[in-house]
Amino acid sequence: MTTRLYYGEQTLRSFDAIVRECERAADGRMLARLDQSAFYPASGGQPFDMGRLGDAAVLEVGETDDGDVVHVVDRLLKPGRTVRGEIDWPRRLDHMQQHTGQHVLSAAFDRLAGVRTVSFHMGTMVSTIDLARDVTVEECARAEMEANAVIWDDRPVTVRFATAEEAARLPLRKEPVRTGLLRLVEVEDFDLSACGGTHVARTGMVGQIAIAQTERFKGATRVTFICGIRALASHRRSRDVVGAATRTLSVPVEEIGTAIERMHAELREATRALRSAHEELAAFRAAELRRSAEIIGACRVVLRSEPGLEGAALKGLASAVVSESGTIAALAGRGTPTPVVVASSAGTALDAAALLKDVLSRSGGRGGGTPAMAQGAIAVAPDVFLNEIAHRLRAALTSPGPTGSIE
């Protein structure tokens, strides 16, 4: 069984250990076991440590069902050899800050709002705690302020061990999941919890706790937060974004919200005006296309390539073309693959979706829609598509039987 050095020396950055065994697993990974290790395995919501064992990079650290620590390395290590372990300290410090911050924040919610933390997850950018019930904005603000007051008090964070019987007589914040000898982490006069993770020696090392977001989750609240190094990085990102916004909008920081609302309103109005202009232009263009339409049977048929139009504009033009009864439109636009539209007005009895599906089955592509309007995309040249449409329409609209039937 590996002796876990981080249990007692959480700031240990390097150590010597003997390789007990190292072998290649069935999945190809190389797994090393040591007599002792300062590498933390993924557990309790905290990710694993990384670093080096001699010449080998430690890629992942886990634990077996019987509690042994296993190191995934990038090369085989010789059993019996003494190796120097080096912890990736920036990663470890980040994890220590987030985990200690979580203890403090969870204790603050418990003390001020009487709500317990049911789960904790530490991600690469943010961490989350899931609370047992929905909490208000005011409760979150009070808990955040209380947690930071404890951080700024620079209180000691200590570790001790107790049996399950001894722990049962202590004011633990939550009931321990494990049995046997328990490792207890205590934030002086604020929190006492059973925990196997790594923590800073004093709360001041956490720096700051900032709640980034709250959301409803399974009828309760998920709180997303950042601490220490992550809080500084988040501040820098926000500073750069806000700085760019103030320069672009030419307003002071406190007026950014108002300026964005004003621009949003102006954009909505401009969008409405542009849509109206597009509709008016489409009506003129549709009238022009109808005048030059080919007469097939009793229908006016517009078959055109419109390389200046993309999907939505192409559909709008097709709708305008068939706004008069007895009209069919097949249009190809711009893009890769090329967007196409087939539309039919009342009085044609043509199923546009069926026609498009029939043509695409022969020329390749995808699409669908309704009997009045169908859209798709083709991989062939627009002329090939339009010629096939014309061929199918001539057969359908000039043959005996119901107008618009596709044989």
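Look up a bit, the structure's there.
Note that this is a predicted model, so its numbers are computed, not measured.

A. Molecular detail of the environment of Ser193. Within the fold, Ser193 resides in strand 13 (residues 191-194). Assessed through its relative accessible area of 2%, Ser193 is described here as buried. In this structure, the C-alpha to C-alpha distance between Ser193 and Leu281, residues 88 residues apart in sequence, is 70 Å. Contacts of Ser193, omitting those with residues within four sequence positions, involve His103, Leu172, Arg173, Arg183, Leu184 and Val185.

B. Local environment of the pattern of salt bridges. What the rule picks out here adds up to 27 salt bridges. In this structure, the salt-bridge partner of Glu86 is Arg84, at a minimum N-O distance of 3.8 Å. For Glu86, a relative accessible area of 36% corresponds to the partly exposed category. A salt bridge links Arg160 to Glu186, with the nearest nitrogen and oxygen atoms 3.4 Å apart. One end of the pair, Arg160, is in strand 11 (residues 157-162); the other, Glu186, is in strand 12 (residues 182-187), with 26 residues separating them in the sequence. By relative accessible area, Arg160 is classed as partly exposed at 35%. A single network of salt bridges, built from pairs that share partners, joins Arg20, Glu21, Arg33 and Asp68.

C. Geometry of the environment of Thr2. Along the polypeptide, Thr2 turns up in the segment before strand 1 (3-4). For the pair Thr2 and Arg20, spaced 18 residues apart in the sequence, the C-alpha separation amounts to 9.3 Å. Excluding residues within four positions of it along the chain, Thr2 makes contact with Arg20, Leu34, Asp35, Gln36, Ser37, Asp68 and Val69. Separated by 3.2 Å, the side chain of Thr2 and the backbone oxygen of Leu34 make a polar contact.

Quick notes on the rules
Residues numbered from 1 in each chain as written. Predicted model: local features only at pLDDT ≥ 70, side-chain atom pairs only at ≥ 80, totals over all residues. Heavy atoms only, no water. Helix = DSSP H or I, 4+ residues; strand = E, 2+ residues; numbered from the N terminus. Buried < 20%, exposed > 50% of the residue type's maximum accessible area, 1.4 Å probe, protein only. Contact = heavy atoms within 4.5 Å. Salt bridge = Lys/Arg side-chain N within 4 Å of Asp/Glu carboxyl O. Polar contact = N/O pair within 3.5 Å; in protein donor to acceptor, adjacent residues only side chain to side chain.

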